[in-house]
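# Close look at the chain arrangement
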Amino acid sequence: MQGYVFNERLEPAKRPVMERIKNFNEIYELYDQEEAQVQSERCIQCGDPYCHNKCPLHNFIPQWLKSTAARDLSLSFALSNESSPFPEIMGRVCPQDRLCEGACTLNDGHGAITIGSIETFISEEGFKAGLKPTFHAVKNGKKVAVIGSGPAGLSAATFLLRNGLSVTMFERANRAGGLLTYGIPSFKLDKSVVARRVEWLIEAGMELKCGVTVGQDISFDELVASYDALFLGIGATKSNSSGLLHEDAENVFMAIDFLTAIQKKLFGEASDAKYDVKGKNVVVIGGGDTAMDCLRTSIREGARSVRCLYRRDAANMPGSRKEYKNAIEEGAEFIFNVAPKALVVDENGHVVMVKMVKTELGEPDEKGRRRIVEVAGSEFDVEADVVIMALGFSPETPSFLAQSGIVFNSWGGIVVDARGMTSRPGVFAGGDAVRGADLVVNAAYDGREVAANIAAYLGV
């Protein structure tokens, strides 16, 4: 190890901009064996590895970097899959710059280890070599229903199967994956990658029931009576409102509705034609990764212009630096320190303009984040054919859960105890439905930990 003395941080190659904006293919190339080895050799093998500590899953990062440097693919693959339900997905979508790579000791002058890219390499190279994740071969007779097939649900199913439990997963959409399938664009995460993981869960014995809405096609009480335990991984899919008049206009989209519609179109599924942005001036309001996804998707869909309006500056954007950089490269325009004040509609009720005001950062609030202060007399207008609201998400509160005695908190999150159990015995929950909108890796962590608690609860 200690290769950082001789070799600089080298990120994977990206497809040329003018090529990648023409389609939804993943933009990053995979490392080859030599690149992965050289980058792994840069790790200094800290005695107290900050990367491991900063990773929500506490992945064995130094260990699989060392084995990758030694070209021991089998060991790297086993270590990578031991703590993570889908490392090839996390390597692609996790904001490593804010987590493991952000905590890397080598950030102080040398550049962090490219942990996410090496993580992806290990999985994809392992798959090519015929390696697969392993599961408990013998079932113990206990049955668990998983409601929702997003990151938390897939993670829970993975670790439940590893514990020898039988799993049936219920998903209201046509395909499994939740956010991973319908929310994150394919240029970041090819959908075949998600489908492959789901298929392995099915091979391991999971029964998947898509197109089934619990509380409608099957009652929640029926599931409680039929299974030894339940896991709720229903996510946070309710878009936050701006509170602006005319937000319900036909050409004002909620981010998740827009991204889902485009992905359905790419799948060849039925989708609403109103989400067509070709030749239109698109304005995205928000500054997180979802806003970046909407910008980059609009560019690929042929928008005439794509602008992002954000109330703070670039340094205070909550999204990944990598995604912000990619959006700029692909042609998105950013207007910082501005806030929307009103949506202006024409005689047909379509929004044609967003009235904005300039902002500046004031004193920190109770959470330590600097407050937004509007600048008097700084109003200006931004023309728009389409406005996309990317202001975050909140948990839904399905009526069938409330009617079944499940307790929610003041903002709609499911209340759970330290084990992840809800107010109804045997019913557990995790991910965004409990936390509120959060990172995929945190949902994966919840699924893993709650699965272990379900196994303990069932005496496995």
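The following paragraphs examine the structure supplied in this document. Because the structure is a prediction, the values reported are computed rather than measured. (Residues numbered from 1 in each chain as written. Predicted model: local features only at pLDDT ≥ 70, side-chain atom pairs only at ≥ 80, totals over all residues. Heavy atoms only, no water.)

### With respect to the pattern of salt bridges
Between side chains of opposite charge, pairing is possible as soon as their charged atoms come close. Evaluation of the coordinates by the stated rule reveals 30 salt bridges. With its nearest N and O atoms 3.1 Å apart, the salt bridge here joins E124 to R92. Taken together, the residues E124 in helix α7 (residues 115-128) and R92 in helix α6 (residues 87-93) connect sequence positions 32 residues apart. When its relative accessible area of 11% is taken as the criterion, E124 is described as buried. When its relative accessible area of 13% is taken as the criterion, R92 is described as buried. Of the charged contacts, one joins D446 and R435 as a salt bridge, the two residues approaching to 2.8 Å between their closest N and O atoms. Remark: R435 occurs in helix α16 (residues 432-435) and D446 occurs in helix α17 (residues 440-457); sequence separation between them is 11 residues. Judged by relative accessible area, which is 11%, D446 ranks as buried. Note on R435: relative accessible area 34%, which makes it partly exposed. (Salt bridge = Lys/Arg side-chain N within 4 Å of Asp/Glu carboxyl O. Helix = DSSP H or I, 4+ residues; strand = E, 2+ residues; numbered from the N terminus. Buried < 20%, exposed > 50% of the residue type's maximum accessible area, 1.4 Å probe, protein only.)

### Comments concerning the sheet that holds strand β9 (residues 333-335)
Spatial ordering of the open sheet is given by β6-β14-β7-β8-β9, a layout of 5 strands whose pairing is parallel. The outermost strands of the open sheet, each flanked by one partner alone, are β6 (252-254) and β9. Averaged over all pairs of adjacent strands, the angle between their axes in this sheet comes to 25 degrees, without regard to strand direction. When strand β7 (residues 281-285) meets strand β14 (residues 386-389), the two strands line up parallel, connected through 4 bridges. Among the inter-strand pairings, I285 is bridged to a residue of β14, identified as M389. Across the sheet, helix α12 (residues 255-267) is in contact with β6 and β14; its angle to β6 comes to roughly 85 degrees. (Pairing = 2+ DSSP bridges. Axes fitted to C-alpha atoms, helices over the stretch in contact; angles between N-to-C directions. Contact = heavy atoms within 4.5 Å.)

### So, the side chain of S123
With respect to the element layout, S123 can be found in helix α7. Here S123 is in contact with F77, S80, P87 and E88, once residues within four sequence places are set aside.

### Some points on the environment of F60
Mapped onto the fold, F60 is located in the loop between α3 (50-54) and α4 (61-69). Measuring from C-alpha to C-alpha, the distance between F60 and E222 comes to 40 Å, with 162 residues separating the pair along the chain.

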